[in-house]
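Listed below, chain by chain, are the residues.
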Amino acid sequence: MPISQLCPNIPSVPQIVACTRNDQTGSKSVSGRPKVSPQLNRWSRARAVRSRLKLDRSNLRTQPVQPPEPNPPPRPLPLPEDPDDAVNFDGADVRALKSIYIVSDGTGWTAEHCVSAALGQFDYCLVDRGCPVSTHLFSGIDDAEKLLEIIKQSAKEGALLVYTLADPSLASAAKQACKLWGVPSTDVLGPITEAIASHLGVSPSGLPRGASGLPLSDDYFRRIEAVEFTIKQDDGASPQNLAKADIALTGVSRTGKTPLSIYLAQKGYRVANVPIVLGVGMPRTLFEVDPKKVFGLTINPLVLQNIRKARAKTMGLSSDGRSNYSEMDYVREELEFAGRLFAQNPLWPVIDVTGKAIEETAAVVLRLYHDRKHKCTMPKISKRY
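This text gives an overview of the structure that appears in the document. This one's a predicted model, so the numbers in the text were calculated from it and none came from an experiment.

**Some details on the pairing of strand β3 (residues 98-104)**
Moving on, step 1. Counting buried residues along β3, 6 of its 7 residues qualify, which places the element largely inside the surrounding structure.
Moving on, step 2. As judged from the 5 bridges shared by β3 and strand β5 (residues 160-164), these two strands associate in the parallel manner. Across the sheet, the residue bridging to tyrosine 101 is leucine 161, located in β5.

See below:
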């Protein structure tokens, strides 16, 4: 149906407001702390800034925000004006805030991660609040009426529209509406889908990933199985199943073995993790499995001590208790014990997780895993990463 026939039937657009989070992040500086990953530092500071952006729902403007004129400007399409459509942003001028609307007929995962990756190029601006940004995700938008309501709202707010619409008719409607109402937009999925269709010589299905009614793929069940396996193998449980794991992680306590395992499992890898504890023997099966699937994790002792102190505090352990879990002498001794174990197994790559995000460590693990699986040349495999 042409977009001109759809528009008159659209009722007044309700206010579209995204949920806000009240995350509070913070870190304690450590004297002599090693330099952390610049990427992780930028990510965390930018997330901290964005997490403090809250929509003030109680203080609404009485004057509507006019939609931007189309470019080229013949005549802007008159959109419904409702005083409730404009909002204040914690007392700041709404014109200073740049909104990004993310629209998908599926989960929105692809578009959301593309926007997040692109925003990472502007952390220098986001951190000092030189260009405040607010993102709004609209997933499961599977009919033109809902789509046009969102585009109208983005026109009123002056938002950028980023969309992944597998349905060609919806993608075409979005493109026409954005052009008609002067909404800046980017089609994330369309160009690459067209390129692949041309390359393969076949037409795309036009169905969003995970659409209702579609049979679940083998890949889906493989990921579910991997998560279940990884949870059962957490913290050295069932060492007799280590041979069934795709990846085995080992390291001292608080080196991020569990969150890294879960992250990899969600990508479809069966992961087991085995803790290294001073004075406790390692399971024999760890040394019997293929060394190409074993990865060691290490960390700077000062950072590890800080993490363990925080962990002990949340567990209610007093500093004068029986545990020497977070004492520096014990931390160093345990890391040295782990280092000797790694040296005895030179085929295990050792990854230093100090200052690394889980995603960064996972990227290193997967690169090494696939290089070894496909027998790529890897000099000095025992080096630290």
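**Quick notes on the side chain of lysine 293**
Moving on, step 1. Residue position: lysine 293 is located in the loop between α10 (284-288) and β9 (294-298).
Moving on, step 2. Lacking a salt bridge, the buried lysine 293 has aspartate 246 as its closest oppositely charged neighbour, with an N-O distance of 6.0 Å.
Moving on, step 3. A polar contact of 2.7 Å, which involves the side chain of lysine 293, links it to the backbone oxygen of alanine 245.
Moving on, step 4. If we skip the residues at most four places from it in the chain, lysine 293 touches Ala243, Ala245, Asp246, Ile247, Ala248 and Arg372.

**Quick word on the packing of helix α9 (residues 257-265) against helix α13 (residues 358-373)**
Moving on, step 1. At a minimum axis separation of 10 Å, α9 and α13 run at an interaxial angle of 65°. You can see that α9 and α13 cross each other, and the crossing is right-handed. Residues Pro259, Leu260, Tyr263 and Leu264 of α9 form the contact with α13, whose own contacting residues are Ile358, Glu359, Thr361, Ala362, Val365 and Leu366.
Moving on, step 2. Class assignment of the residues belonging to the contact of α9 with α13 gives a composition of 8 nonpolar, 1 polar and 1 charged.

**Considering the sheet that holds strand β6 (residues 185-187)**
Moving on, step 1. Spatially, β4-β3-β5-β6 is the arrangement adopted by the 4 strands of the open sheet, whose pairing is parallel. A strand with exactly one partner marks an edge of an open sheet, and here the two such strands are β4 (133-138) and β6. Along the sheet, successive strands turn relative to each other by an average axial angle of 15°, direction set aside.
Moving on, step 2. Relative to β4, β3 is paired through 6 bridges, and the arrangement is parallel. Bridge pairing in β4 links valine 103 to phenylalanine 138.
Moving on, step 3. Of the strands in this sheet, β3, β4 and β5 are in contact with helix α3 (residues 109-119), which crosses β3 at around 150°.

How each quantity is defined
In every chain, residue numbers begin from 1 and rise along the written sequence. Local features in a predicted model are, by the rule used here, given only for residues with pLDDT of at least 70; side-chain atom pairs are given and counted only at 80 or more, and totals for whole chains, interfaces and linings are based on all residues. Computation of side-chain values: all heavy atoms of the structure, hydrogens and water removed. Throughout this description, buried means an accessible area under 20% of the type-specific maximum (1.4 Å probe, protein chains only), exposed means over 50%, and partly exposed covers the range between. Runs of H or I in DSSP of at least four residues are treated as helices and runs of E of at least two as strands, each being numbered from the N terminus. Pairing between strands requires that DSSP locate at least two bridges from one strand to the other. For the purpose of counting charges, residues Lys and Arg are taken to be positive, whereas Asp and Glu are taken to be negative. His and the chain ends are not included. Note on definitions: salt bridges are taken to be side-chain nitrogens of Lys or Arg within 4 Å of carboxyl oxygens of Asp or Glu. Pairing of N or O atoms within 3.5 Å defines a polar contact, subject to two protein rules: one partner must be a possible hydrogen donor and the other a possible acceptor, and residues neighboring in sequence count only if both atoms are side-chain atoms. Residue contacts are defined here by distance: any two heavy atoms, one from each residue, within 4.5 Å place the two residues in contact. To obtain an axis, a line is fitted to C-alpha atoms, over the contacting stretch when the element is a helix, and the angle between two such axes runs from 0 to 180 degrees between their N-to-C directions. Crossing handedness: left-handed means the near helix sits turned counterclockwise from the far one by under a right angle, and right-handed means the same turn made clockwise. Under the scheme applied here, ten amino acids are nonpolar (Ala, Val, Leu, Ile, Met, Phe, Trp, Tyr, Cys and Pro), four are charged (Asp, Glu, Lys and Arg), and all others, including Gly, are polar.

By themselves, these are just geometric observations and shouldn't be taken as functional.
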